[in-house]
Amino acid sequence: AKLVGYYPTFKEGAAGQLFDLLKTYFVPEDHSALEKLLLDDEDPASPLLFRGFATQLADAFKQLKDANLIVGCRMSDLERWIASKFLYLSPQSQPRELPEGYLNGLMSGTKRPCKSPILKIERKDDKFFIVPASRNKK
């Protein structure tokens, strides 16, 4: 049963590009569920485990929202949607939830920019491309 309300909608082509980039952060067994969530708006049976930092996942969706590649919802709706669909792998290798308040600080706040984003959005003519961000060398 879908909640009636504001739900993120991807602009044409955005979900497929996002899936291609994000799938490397999930175990192969979760790829099908991730693809169905992003492309067909089909909820996974249980939250999907993102194998990266919470800040990276939040930043990826924030960039898409800021670029108007996710429409039809407010940032708070998007934060609620992410919180219900994803877990992340903590540095202690424990799956952790992404509380809405925490996501709100990452996505709606301006205090903590992501130090190692996983993607960037490039525009060329009237097309957009979601590309992997170059890794920061230490």
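All values derive from a computational prediction rather than experimental measurement.

J.: Please clarify how the packing of helix α3 (residues 54-66) against helix α5 (residues 100-107) should be interpreted in this entry.
T.: The description of two packed helices rests on the angle between their axes and on the distance between the axes. Interhelical geometry of α3 versus α5 gives an angle of 60° and a closest axis separation of 9 Å. Classified by the angle their axes make, α3 and α5 are oblique. For the element pair α3 and α5, the recorded crossing hand is right-handed. Along its contact with α3, which presents A54, T55, A58, F61 and K62, the element α5 presents Y102, L103, L106 and M107. When its residues are assigned to classes, the contact of α3 with α5 shows seven nonpolar, one polar and one charged.

J.: It is not clear to me how the nonpolar core should be interpreted in this structure. Could you clarify?
T.: Generally speaking, a soluble globular protein has its nonpolar side chains buried in company with each other. L22, L38, F61, I82 and F86 are the most contacted members of the largest nonpolar core, which has 39 residues in total. For this core, the secondary structure elements donating two or more residues are α1 (14-22), α2 (31-40), β2 (48-50), α3, α4 (75-85), β4 (86-89), α5 and β7 (127-132). If we skip the residues at most four places from it in the chain, L22 touches L34, L38, F50, L57, F61 and I118.

J.: I'm lost on the side chain of D59 in this one. Help?
T.: Note on placement: D59 falls in helix α3. Buried charge without a partner: D59 forms no salt bridge, and the closest opposite charge is K62, 6.6 Å away. Polar side-chain contacts of D59 include one of 2.8 Å to the side chain of Q63. In this view, D59 contacts C114 and P117; residues no more than four positions away in its chain are not counted.

J.: Whenever I open this one, unusual backbone geometry confuses me. Can you help?
T.: Keep in mind that most residues, glycine aside, have a negative phi and that most peptide bonds are trans. Non-glycine residue D41 carries a positive phi angle of around 60°. For D41, the position within the fold is in the loop between α2 and β2. On the basis of relative accessible area, D41 is assigned to the partly exposed category, the value being 26%. You will see that N68, though not glycine, has its phi angle at about 60°, which is positive. Topologically, N68 is positioned in the loop between α3 and β3 (70-71).

J.: Can you help me understand the packing of α3 against α4 in this one?
T.: The N-to-C vectors of α3 and α4 enclose an angle of 145°; their axes lie 11 Å apart at closest approach. The way α3 lies across α4 gives a crossing that is right-handed. Contact residues: α3 offers L57, F61, K62, K65 and D66, while α4 offers M75, L78, W81 and I82. Its residues placed into classes, the contact of α3 with α4 shows six nonpolar, no polar and three charged.

J.: What's the story with the environment of I70 in this structure? I'm lost.
T.: Looking at the element boundaries, I70 is found in strand β3. Taking relative accessible area as the criterion, I70 reaches 0% and is therefore assigned buried. Along the sequence, I70 and Y7 sit 63 residues apart, while their C-alpha atoms lie 9.6 Å from each other. In contact with I70, other than residues within four places in its own chain, are P8, T9, F10, F61, L64, K65 and L78.

J.: Would you explain the packing of aromatic side chains in this entry?
T.: Per the stated rule, a full pass over the model turns up seven aromatic pairs. When the centroid spacing of 5.9 Å and the interplanar angle of 45° are considered together, the rings of F61 and F86 count as tilted. Highlighted residues: F61 in helix α3 and F86 in strand β4, separated in sequence by 25 residues. On the basis of relative accessibility, which here comes to 0%, the residue F86 falls in the buried class. The rings of Y7, Y25, F26, F50, F61, W81 and F86 are connected pair by pair, giving a single aromatic cluster.

Basis of the calculations
Residues numbered from 1 in each chain as written. Predicted model: local features only at pLDDT ≥ 70, side-chain atom pairs only at ≥ 80, totals over all residues. Heavy atoms only, no water. Axes fitted to C-alpha atoms, helices over the stretch in contact; angles between N-to-C directions. Helix = DSSP H or I, 4+ residues; strand = E, 2+ residues; numbered from the N terminus. Parallel < 35°, antiparallel > 145°, perpendicular 65-115°, else oblique. Left-handed = near helix turned anticlockwise from the far one by under 90°. Contact = heavy atoms within 4.5 Å. Nonpolar A, V, L, I, M, F, W, Y, C, P; charged D, E, K, R; others polar. Core = buried A, V, L, I, M, F, W, Y, C linked by side-chain atoms within 4.5 Å. Buried < 20%, exposed > 50% of the residue type's maximum accessible area, 1.4 Å probe, protein only. Lys, Arg positive; Asp, Glu negative; His and termini not counted. Salt bridge = Lys/Arg side-chain N within 4 Å of Asp/Glu carboxyl O. Polar contact = N/O pair within 3.5 Å; in protein donor to acceptor, adjacent residues only side chain to side chain. Phe/Tyr/Trp six-rings, centres within 6.5 Å; stacked < 30°, edge-to-face > 60°.

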